[in-house]
Amino acid sequence: MQVECYDENGREVYDMITRHILQEVQVVRAVKDIQIYVDPREPVFIIVVQYEKTSPPVVMEDFAEYEYDAEANEAFIKIKDENYLPELLKKLWEIEGRNKIHQPSRFEVIIDDPQIKLEGLVVHNPEEDLKKKVYDAIFRIIPEGFRVVDHYSQGNIIALTCSDEYIKEEYLEKTRQIIKKMEENKKSY
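Residues numbered from 1 in each chain as written. Predicted model: local features only at pLDDT ≥ 70, side-chain atom pairs only at ≥ 80, totals over all residues. Heavy atoms only, no water.

Asker: Please set out the sheet that holds strand 1 (residues 2–5) residue by residue, giving values where relevant.
Answerer: Spatial strand order, 1-2-3-11-10: 5 strands in an open sheet with mixed pairing. Of all strands in the sheet, those with a lone pairing partner are strand 1 and strand 10 (148–154), marking the two edges. Averaged over neighbouring strand pairs, the angle between their axes works out to 10° when direction is ignored. Looking at chain direction, strand 1 and strand 2 (residues 31–39) are connected through 4 bridges and run parallel. Across the sheet, residue V3 finds its bridge partner in strand 2, namely I36. Against the sheet, helix 4 (residues 169–184) makes contact with strand 1, strand 2, strand 3 (44–51), strand 10 and strand 11 (157–163), and its axis sits at roughly 25° relative to strand 3, the strand it touches most. (Pairing = 2+ DSSP bridges. Helix = DSSP H or I, 4+ residues; strand = E, 2+ residues; numbered from the N terminus. Axes fitted to C-alpha atoms, helices over the stretch in contact; angles between N-to-C directions. Contact = heavy atoms within 4.5 Å.)

Asker: Now, about the pattern of salt bridges: what can you tell me, with residues and values included?
Answerer: Per the counting criterion, the structure on display carries 11 salt bridges. The salt bridge involving R106 is made with E82; its shortest N-O contact spans 3.0 Å. Of this pair, R106 sits in the loop between strand 7 (101–105) and strand 8 (108–112) while E82 sits in the loop between strand 6 (74–79) and helix 2 (85–96), placing them 24 residues apart in sequence. Residues E173 and R176 are paired through a salt bridge, measuring 3.3 Å at the closest nitrogen-oxygen approach. Within this pair, E173 and its partner R176 are both found in helix 4, separated by 3 residues, close to a single helical turn. Where salt bridges share partners, they join E24, D136 and R140 into one cluster. (Salt bridge = Lys/Arg side-chain N within 4 Å of Asp/Glu carboxyl O.)

Asker: Please provide a residue-by-residue account of the nonpolar core, values included.
Answerer: Ranked by internal contacts, the top residues of the largest apolar core, which has 26 residues, are F45, I47, I138 and L160. At the level of elements, strand 1, helix 1 (8–24), strand 2, strand 3, helix 3 (126–141) and strand 11 are the ones that each hand at least two residues to this core. If we skip the residues at most four places from it in the chain, I138 touches I47, V49, I158 and L160. (Core = buried A, V, L, I, M, F, W, Y, C linked by side-chain atoms within 4.5 Å. Buried < 20%, exposed > 50% of the residue type's maximum accessible area, 1.4 Å probe, protein only.)

Asker: How would you sum up the pairing of strand 11? Please name residues and give values.
Answerer: Every other side chain in a regular strand lies on the same face of the sheet, so the side chains alternate between the two faces. In terms of burial, strand 11 is a largely internal element, 7 of the 7 residues being buried. Going residue by residue along strand 11, you find I157, A159, T161 and S163 tucked away on one face and I158, L160 and C162 tucked away on the opposite face as well. Judged from the 6 bridges that link them, strand 3 and strand 11 form a sheet pairing that is antiparallel. Residue pairing for strand 11: I47 is matched across the bridge by L160. One ladder, built from 7 bridges, connects strand 10 with strand 11; its direction is antiparallel.

Asker: So what's going on with the side chain of D33? Residues and values would help.
Answerer: Positionally, D33 belongs in strand 2. For the buried D33, no salt bridge exists, and the shortest N-O distance to an oppositely charged side chain is 7.4 Å, to K181. Looking at D33, its side chain comes within polar contact range of the side chain of Q35, at 3.1 Å. (Lys, Arg positive; Asp, Glu negative; His and termini not counted. Polar contact = N/O pair within 3.5 Å; in protein donor to acceptor, adjacent residues only side chain to side chain.)

Asker: Give me the lowdown on the environment of E96, citing residues and values where you can.
Answerer: Position of E96 among the secondary structure elements: in helix 2. Taking the C-alpha atoms as reference points, E96 and D62, 34 residues apart in sequence, are found 21 Å from one another. The residues contacting E96, other than those within four sequence positions of it, are I101, I111, D113, P114, Q115 and I116. At a separation of 2.7 Å, a polar atom in the side chain of E96 contacts the side chain of K100.

Here it is in structure tokens:
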């Protein structure tokens with residue numbers, strides 16, 4: 001982690017704030033690198049975060065078996081691992097509607113008149129969960145009042161260029177330099 005600031009006290013404070021927030025949001029171990037550039041005289045605040053890779057998404061076939069009954073116009077899902085059942089139900093309720101989802105037991109789910117394709121259905125995506133936590137941390141770190149934001153997200157890198165006025169091209173160029181340096185430097189956080 002590196003905080004770049006003309007003011008040494010300001011640098012130390014942002015270093016401390018960043019470390020505290022990463023622990024609070026519980027992403028310390030998942031963050032590979034963080035680079036912050038802050039200059040309140042401009043005013044500009046740039047934060048670039050690179051996070052570690054996560055496990056692959058959990059799809060329907062990983063924890064359940066299913067079959068369609070064309071005659072009854074229903075889909076029957078047999079749960080093998082109930083750890084993902086709450087997320088499956090939430091997803092089915094969002095897509096199909098609560099009134100079409102029935103759960104006769106904790107190992108069975110029935111969908112009336114299914115419109116959803118169950119094959120390969122992503123039920124849990126660890127990368128999306130991590131990304132949400134990283135964004136939460138970033139928005140807690142950004143100084144209050146710096147609400148004009150240019151956003152960049154590619155692969156496992158998230159960058160925000162922030163100001164309280166407008167974003168100058170030189171700020172964006174600085175952000176691109178930090179991203180490039182981070183992509184070239186593969187060492188862990």
